[in-house]
Amino acid sequence: MSRIKHVVVVAGLALATVIPTHAADRGEPYALVRDGERGTSMTGDSADWSTIKTLRKRISGDFLWFRDGGKPYIVQDAGVLARARKAWEPVDKLGKEMDVRGREMDKHGKVMDALGKDMERAAAGTKPDEAKMHALERRMNDAGKPMDALGKQMDALGKRMDAESRTADKTVRALIREAVDKGLAQPAPQV
């Protein structure tokens, strides 16, 4: 079994999920590039990412980039792009939710770091302050509970994001076939 990477960049936050697929099922790489946003929905690898970054500078407006038979193409048809964006909307929404949870997790992480430093100070020296260490340990346990809950929420969001990514991927691959069949795909500029 080979793997394909789905990379979704939402509000500047790169969220990556690896979806196991068989080589025959995964198809060729593609990217939905949104002009004026940092958001890009993409399948492929890091070599494709550098191609997309270069094309983003050369092509004005939104575009759908893909390879077909190893050759790169773009689609800028408004209808195809609207349907592709619509397919990725649920993933983008979940990505924003994940970003919110991540910021909350960061806040709690800072509290845990501060308590950890307090614990180190209490343990320093030849005679650690046992009472203070136990009090800090209890505070750390209490402070860790919201992080555990957030971790579970993020895990659930990640699973939903994975499922929505699969659905969006199928939709966009069908759109690519449709664009090719209708002559809406153009050879991509040389990179």
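The text that follows walks through the structure, step by step, so that each part is easy to find. (Residues numbered from 1 in each chain as written. Predicted model: local features only at pLDDT ≥ 70, side-chain atom pairs only at ≥ 80, totals over all residues. Heavy atoms only, no water.)

Thoughts on the overall build of the chain
The helix and strand inventory of the chain stands at four helices and seven strands. Going from the N terminus to the C terminus, the chain shows its helices and strands as β-β-α-β-β-α-β-β-α-α-β. Looking at the chain as a whole, 34% of its 191 residues qualify as buried. Restricting the contact set of the chain to residue pairs at least 6 apart, pairs at least 24 apart contribute 62%. Carbon and sulfur atoms form 52% of the exposed surface of the chain, whose accessible area is close to 11,200 Å². (Helix = DSSP H or I, 4+ residues; strand = E, 2+ residues; numbered from the N terminus. Buried < 20%, exposed > 50% of the residue type's maximum accessible area, 1.4 Å probe, protein only. Contact = heavy atoms within 4.5 Å. Areas by Shrake-Rupley, 256 points an atom, 1.4 Å probe, with all protein chains shown as cover.)

Re the pairing of strand S6 (residues 71-75)
Relative to S6, strand S5 (residues 63-68) runs antiparallel, the two sharing five bridges. When the bridges of S6 are listed, Phe66 appears paired with Tyr73. For S6 and strand S7 (residues 186-187), the ladder comprises two bridges, and the chain directions are antiparallel. Within S7, the residue paired with Tyr73 across the bridge is Pro187. (Pairing = 2+ DSSP bridges.)

With respect to the pattern of salt bridges
Following the criterion strictly, the structure yields 13 salt bridges and no others. Between Arg121 and Asp118 there is a salt bridge, with the nearest N and O atoms lying 2.3 Å from each other. In this pair, Arg121 and Asp118 are both assigned in helix H3 (residues 78-123), three residues apart and thus about one turn of the helix distant. For Arg121, a relative accessible area of 57% translates into the label exposed. Here Lys145 ties to Asp142 by a salt bridge, and the two come within 3.7 Å at their closest N and O atoms. Residue Lys145 and its partner Asp142 are both found in helix H4 (residues 130-181); the two are separated by three residues, about one turn of the helix. Its relative accessible area of 49% is what places Asp142 among the partly exposed residues. If you follow the salt bridges from partner to partner, you end up with Arg83, Glu178 and Lys182 in one network. (Salt bridge = Lys/Arg side-chain N within 4 Å of Asp/Glu carboxyl O.)

A look at H3
Its 46 residues give H3 an end-to-end C-alpha distance of 64 Å, which sits within 8% of 68 Å, the value for a rise of 1.5 Å per residue. At the N-terminal end of H3, a side-chain oxygen is found 3.2 Å from the backbone nitrogen of Gly79, two or three residues along, and the residue is Asp77. Among the residues trailing H3, Gly125 stands out with phi positive, at a value near 90°. (Expected span 1.5 Å × (residues − 1). Polar contact = N/O pair within 3.5 Å; in protein donor to acceptor, adjacent residues only side chain to side chain.)

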